[in-house]
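Observations on the three-dimensional arrangement
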Amino acid sequence: SAAMFRSVPDKPNITQMEDALIRYWKTWQIAQKCEEQRRGGGEFVYYEKPPSPHSKPELSHAITRTISDIFLRYKTMRGYHILRRSGWQAHGLPMELMVAKQLGLMGKEQVEEYGVDKFIQKCGDFLDYYAPYWERMNDHLAYWLDPQEAYVTFSHEFTESVWWAIKSLWDKGLLYSSLKVMPYCPSCGVYLSEDEAVQNCKESPEMSAVIRLPLVNGPGTSLLVMTQAAWSLVGNVAVAVNPDAEYITIEQEAPGGGIENLIVAEKSAKKIFGDAPLKIVDKFKGKKLKGEAYFPLYTFILAQKAPHIVIVDDRIKEAFGTGLKHIAPTFSEQDLQLAQEYDLPILNPLTDAGTFIPEVRPWSGKLFYDANPIIVEDLQARGLLFSVESCIAEQPHCPYCGAPIIDYAGSSWFVRFSQCQDELLHLAEKVVVSSGLTEAGHPLDKNKFADRLLSYHRFWGTPLPIWECQACHYQRCLGSRDELIELAGKRMQALDWDYTAIDELIIECPECGGQLKRIPDLVNPWFESSCMPFAQWHYPFENKAVFETQFPTDMICITEARNDNWLEDCLAVNGILFEKAAFKHVLNLKTFISNWDEKNAEGGLEAVEPFDVMKAFGADVWRWHLLDCWQAESNKFSPFSFLSQEAVQSAQQVVSSIWNVYSFFATQANLYDWSVEDISERADWNLLDHWLWAEINSLVRDVTIGYETFDPCAIVATLKKFIEKLNGWYLSQSRQRIHLESLESGKSALFTVLYKTLHTLSKLIAPLMPFLSEEIYQNLTANSASTNPNSIHLTDWPISELQDLDETLIMEMDEVIHLASLGKAVRCSAGIPIHQPLTEIAFLSQFAPTQHRMNEYVDLLQDDLNVKRVIFIDSIELFEQYLLSYEKKEQMSQGASQVALDTRLTQPLIEEGVVNQVISEINDLRLQMGIAEFEPIRLYIKSTPRVMEALFRNRQMIIGKAAVVEMIEVLPSQKEHTSQFEINGDTIVVGVEKHT
């Protein structure tokens, strides 16, 4: 009869299996069916932060998608309906830089020369440039996405929802325009968040210079200031001191002869002048210097207000630098605030591209950092340089283009999150955060709800919908396309959202009749990503009902590989708009990345191709390993460890253990013509069968709790323990059963329990190992009469049958397994191989099961340890007496258990050991020749007379355990099927062939 199950090789071909299943899922549209068949079930909502399509996917994307997918598959099997909608953050600097690079354009100016309209068009065209890489990663991760179109942040619908959100914030009074100093990349021409600015610090050579500023009314007296950015001195407008700090005037020889006086804070003097004795001619509080004028270092830019005076402010730290702070409001937020408070001018010597403006004649067009040494030289020549030393400082560089960034003042629009901070923190507290760290800091921390920059000064983005009258400065924010059409006073059917088209509209000011012009800023891409929950549905313009079922999200998974505030921004924007937290549960994978040592890794995290990792080990190994790494304590997750064999060994071991059981079952069931119709009654089950079934029901319960509580550690640990017991105990005991069970009922019970176990286990690992579980499930159900779904991912989650969950049986068998391992260890330490039978083993153990079970446990231990007798002793005194009664014994203890092994060998025991070893060699040979375990064979054998006698005496045992039909005492002639080995000094040669 035809085999019930497809034949299974000893070892899986992972790549081949995965490729075949990817094709199968696509052909049968399994992902679509998963979504369709669960419609009407409860909704489980999932968001992911929309990635930017500007590059190939990185390992961090594979990590979040993998962890998310595990829980999404579980929830699908629990009957939930899940829309796995994905989207793209199309706008933003990375996308623009990628397109500019493809076009060979450097910097903003070259883009403007190329033509902004043409450039924007290209950005749209390049969106799919890396799509094949993303698709390939998703396929090989088994990460399914909804077949419907992914949303993109530049679509008309998305943009209109973003406008609605901005208008809603405007109506709440949460938008404002202000001049602020922020991290700025002159090369890209954009402001960055603090988080982006600190991501990419590099050690750079700096010059720490101390400069003299001669006082107007104190001939020969100078203020000393320190700076590490000499170029910023061109924008100096004042010097600030602390009113209550002690300042001193030091008299010393001037470099060109004569005497000079220098003013510094008392606390800074030693740092500036070293250990030489100082001549202090005056000592005073900082307030005495208030209003003192000094000669400007540079007068390239004429100020509207009188600059270059000393101001006093108690925020100035006397121990910092010289204790006198050089104030350049364009390059420091603190300086800008002081300038606004003390009515100082704001001088900006740089263009937005970071070069000096034409008015700064000597260095016009030079990049700010290139001018440093030249300016120091100039100050030296003019006698204004007191000292200079080279130092190495951590200089922030742009994470997108790699150029140095500076703090730089600019006028921009902001969202005033700080006004809603209390409400937002209250919402954040409701979010449950699971993390790989034991004491995970809540990722939603209070500093994150600071005001955020809303403007974006580039080319490719959503137009900021704020208009201003050129005459009376009336401002208006628009929240929809219809409002714009109405305001423009004409029906514009083909209105494009492209701001170049919008900005051509002539709109009259309703206040004064002047002309309204749109503020030329774009919307910062972070804001669009935060609008994802509603904007992907074009809410509130359509899909209101859908949006309400899809908000808030039940689960979100983030890795902080990229230091961005998406989580906080999303919570803030949606919290303000809907007065609800946008997420219920956050899986925070911060630890995965934070323990990865960047300095030792070539090329960084981005350099690892997720696809290469999948190809090297297979997705199931990767997915398991990822959860395995999520260990609270160790948490030493290194992406690069994936490229090493050792790191994934534990996961590969799990896969091969499951495969081993699966392969054993399919091969043996086919050999004995067992099919699903032959499932046996419980009455035929033995103790091991009942135990395994109790274990599997316990497993279902515990693994389910792990998935329900989003606890990856628990899921993996529970499954691992069970798989070890299944492969290491049940299977090894059952191999003997196959030979010994002449009764059909015994074999049928074994196959029944293995079938049911594999069927349930494959479902429990389906969310974690989508490929392996599908392979097993397909083979188990392919030829059965019952109507099974055509994919394991369409099946329902198993339910624990609590009446079969015999906790006592589980505990007792755990003790037996523990004693068996102790028994094997003591044999090993005595140096006696397992095929050599021994008389007796004794355990000191409190083990006391019921009598009928005890007998079965004793049988198991006798078989497993190859001893004739097993003794349990429950008191130390009795055990010590027992030990005294023997002269040859090996002893060991582990925890509360002890073991003693009688190591005496009698002639019959030695003989039986020889027979066992010969049987073992015969079975190894038949395995090499591909002869099935129970196929009859002819045996050729030659050895010394005493070995031959022993073998002929025990020929019934050889016939039974090795299916030998004919045993011939002759030296085998066929070289390829022979084996030669030695036992106790006797050489034995065996050869086998199929009996025909």
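Just so we're clear, the structure is a prediction, and the values are computed from it rather than from any experiment. (Residues numbered from 1 in each chain as written. Predicted model: local features only at pLDDT ≥ 70, side-chain atom pairs only at ≥ 80, totals over all residues. Heavy atoms only, no water.)

Examining the packing of aromatic side chains
Applying the stated criterion to the full structure yields 57 aromatic pairs. For the pair W164 and F578, a centre-to-centre distance of 6.1 Å together with 35 degrees between the ring planes defines the contact as tilted. Of the two residues, W164 sits in helix 8 (residues 156–171) while F578 sits in helix 19 (residues 566–578), which places them 414 residues apart along the sequence. A residue is classified by how much of its surface remains accessible, and F578, at 18% relative accessible area, is buried. (Phe/Tyr/Trp six-rings, centres within 6.5 Å; stacked < 30°, edge-to-face > 60°. Helix = DSSP H or I, 4+ residues; strand = E, 2+ residues; numbered from the N terminus. Buried < 20%, exposed > 50% of the residue type's maximum accessible area, 1.4 Å probe, protein only.)

Points about empty space enclosed by the protein
In total, this model carries three cavities of 30 Å³ or more according to the counting rule given. Empty space within the largest cavity amounts to approximately 150 Å³. Taken together, 13 residues form the lining of the largest cavity, with A31, C34, T76, R84 and W144 sitting closest to its centre. When residues of the lining of the largest cavity are traced back to their parent elements, those giving at least two are helix 2 (30–37) and helix 3 (59–77). With four residues, the top contributor of residues to the lining of the largest cavity is helix 3. Its residues assigned to classes, the lining of the largest cavity comprises seven nonpolar, two polar and four charged. Approximately 60 Å³ is the volume attributed to the second largest cavity. Taken together, V45, Y46, Y47, L83, R85, Q536, W537 and Q550 form the lining of the second largest cavity. For the lining of the second largest cavity, the residue count by class is five nonpolar, two polar and one charged. (1 Å grid on protein atoms, 1.4 Å probe; cavity = no way out; pocket = protein on both sides within 12 Å on 5 of 7 lines; lining within 4 Å. Points joined across faces, edges and corners; volume = space filled by probe spheres on them. Nonpolar A, V, L, I, M, F, W, Y, C, P; charged D, E, K, R; others polar.)

Notes on the packing of helix 3 against helix 22 (residues 619–629)
Direction vectors running N to C along helix 3 and helix 22 enclose 90 degrees, while the axes themselves pass 10 Å from each other. By the angle class used here, helix 3 and helix 22 are roughly perpendicular. Facing L59, A62, I63, T66, I67, D69, I70 and R73 of helix 3, the residues of helix 22 in contact are W622, R623, L626 and L627. For the contact of helix 3 with helix 22, the per-class residue count stands at eight nonpolar, one polar and three charged. (Axes fitted to C-alpha atoms, helices over the stretch in contact; angles between N-to-C directions. Parallel < 35°, antiparallel > 145°, perpendicular 65-115°, else oblique. Contact = heavy atoms within 4.5 Å.)

Some details on helix 32 (residues 945–953)
Regarding helix 32, the residues found buried are V947, M948, A950 and L951. All buried residues of helix 32 project into a common sector of 160 degrees when viewed along the axis, lining one side. Opposite its buried face, helix 32 presents the exposed residues P945, R946 and R953, each directed more than 90 degrees away. Tucked into the core, helix 32 has its buried residues touching helix 31 (907–929), strand 29 (937–942), helix 33 (955–962), strand 30 (964–969) and strand 32 (986–994). (Arc of directions from axis to C-beta.)

Focus on unusual backbone geometry
Negative phi values dominate among residues other than glycine, just as trans dominates among peptide bonds. Here Y539 and P540 are connected by a cis peptide whose omega angle stands at 0 degrees. Within the fold, P540 resides in the loop between helix 17 (532–535) and helix 18 (544–549). In this model, F551 is joined to P552 through a cis peptide bond whose omega is -5 degrees. For D343, which is not a glycine, the phi torsion comes out positive at approximately 55 degrees.

What to know about helix 22
Burial within helix 22 is extensive, with eleven of its eleven residues counted as buried. Buried residues of helix 22: A619, D620, V621, W622, R623, W624, H625, L626, L627, D628 and C629, and no others.

A closer look at the sheet that holds strand 32
Read across the open sheet, the four strands follow the order 30-29-32-31; overall the sheet is mixed. On the outer flanks of this sheet lie strand 30 and strand 31 (978–983), each paired with one strand and no other. Taking the axes of each pair of neighbouring strands and ignoring which way they run, one obtains an average angle of 25 degrees across the sheet. The sheet contact formed by strand 29 and strand 30 spans five bridges and is parallel. Its bridge partner being in strand 30, I937 is matched across the sheet by V964. Across the sheet, helix 31 lies against strand 29, strand 31 and strand 32, angled at about 155 degrees from strand 31, the strand it touches most. Relative to the sheet, helix 32 contacts strand 29, strand 30 and strand 32, its axis offset from that of strand 30 by approximately 155 degrees. (Pairing = 2+ DSSP bridges.)

Notes on the sheet that holds strand 20 (residues 507–508)
With antiparallel pairing, the four strands of this open sheet are ordered in space as 19-18-21-20. Of all the strands in the sheet, the pair left with one neighbour each is strand 19 (475–477) and strand 20. The pairing of strand 18 (residues 466–469) with strand 21 (residues 515–518) spans three bridges and is classified as antiparallel. Opposite W467, over in strand 21, you have R518 as the bridge partner.

Some remarks on the pairing of strand 6 (residues 221–227)
Across the seven residues of strand 6, six count as buried, placing the element largely inside the fold. Both strand 5 (residues 201–214) and strand 6 contribute to a ladder of six bridges, which runs antiparallel. Pairing of P214 across the sheet is with S222, part of strand 6. Following strand 5, the chain reverses through six residues before pairing antiparallel with strand 6; G220 in that reversal takes a positive phi of roughly 75 degrees.

Observations regarding the side chain of S530
With respect to the secondary-structure elements, S530 resides in helix 16 (residues 525–530). For S530, a relative accessible area of 0% corresponds to the buried category. Side-chain polar atoms of S530 contact the backbone oxygen of W526, separated by 2.8 Å. Those residues in contact with S530 that lie beyond four places of it in its chain are W566, D569, C570, V573 and N574. (Polar contact = N/O pair within 3.5 Å; in protein donor to acceptor, adjacent residues only side chain to side chain.)

Some details on the nonpolar core
The nonpolar side chains of soluble globular proteins are, as a tendency, buried together. In this structure, F5, F665 and L719 are the most contacted members of the largest nonpolar core, which totals 136 residues. With twelve residues, the top contributor of residues to this core is helix 23 (residues 645–671). Setting aside residues no more than four positions away along its own chain, L719 makes contact with W624, L699, V703, L761, L764, I765 and L768. F449, Y539, V573 and L577 belong to the second largest nonpolar core, which has 53 residues in total. (Core = buried A, V, L, I, M, F, W, Y, C linked by side-chain atoms within 4.5 Å.)

Examining the pattern of salt bridges
Two side chains bearing opposite charge may form a pair once their charged atoms approach each other closely. Inspection of every chain in the model, using the stated rule, returns 45 salt bridges. For R38, the salt bridge is made with D796, and the minimal N-O distance between the two is 3.0 Å. Of this pair, R38 sits in the loop between helix 2 and helix 3 while D796 sits in the loop between helix 27 (770–781) and helix 28 (807–830); the two residues are 758 residues apart in sequence, bridging distant segments of the chain. Two residues, K584 and D554, come together in a salt bridge whose shortest N-O distance is 3.2 Å. Of this pair, K584 sits in the loop between helix 19 and strand 24 (585–588) while D554 sits in the loop between helix 18 and strand 23 (556–558), and the two are 30 residues apart along the sequence. Judged by its relative accessible area of 16%, D554 is buried. Several salt bridges share partner residues, and in doing so they unite D69, R73, R84 and R623 into one network. (Salt bridge = Lys/Arg side-chain N within 4 Å of Asp/Glu carboxyl O.)

Regarding the environment of I834
With respect to the helices, strands and loops of the structure, I834 is situated in the loop between helix 28 and strand 25 (838–844). A relative accessible area of 44% means that I834 is categorised as partly exposed. Remark: the alpha-carbon pair of I834 and C531, spanning 303 residues in sequence, is separated by 67 Å. Non-local contacts of I834, meaning those with residues more than four positions away in its chain, are made with R827, D864, L865 and N866.

Re the confidence of the model for the protein chain
Confidence along the protein chain averages 89 in pLDDT terms, with 92% of residues attaining 70 or more. For the stretch residues 593–605, pLDDT sits under 50, and the model shows 23 contacts to residues farther than four places along the chain or on other chains. (pLDDT = per-residue confidence, 0-100.)

Focus on the pairing of strand 21
Residues L516 and R518 point to one face of strand 21 and are all buried, whereas Q515 and K517, pointing to the other face, are not buried. Pairing geometry for strand 20 and strand 21, over two bridges, is antiparallel. Across the sheet, residue I507 finds its bridge partner in strand 21, namely L516. If you look at the hairpin formed by strand 20 and strand 21, you'll find six residues sitting between the two strands, and G513 has a positive phi there, around 80 degrees.

Quick notes on the packing of helix 1 (residues 14–27) against helix 27
Contact geometry of helix 1 with helix 27 gives a least axis separation of 10 Å together with a crossing angle of 80 degrees. Considering their axes alone, helix 1 and helix 27 lie roughly perpendicular with respect to each other. Contacts between helix 1 and helix 27 involve M17, E18, L21, I22, Y24 and W25 from the first element and P770, F771, L772, E774, E775 and Q778 from the second. The residue inventory of the contact of helix 1 with helix 27, partitioned by class, reads eight nonpolar, one polar and three charged.

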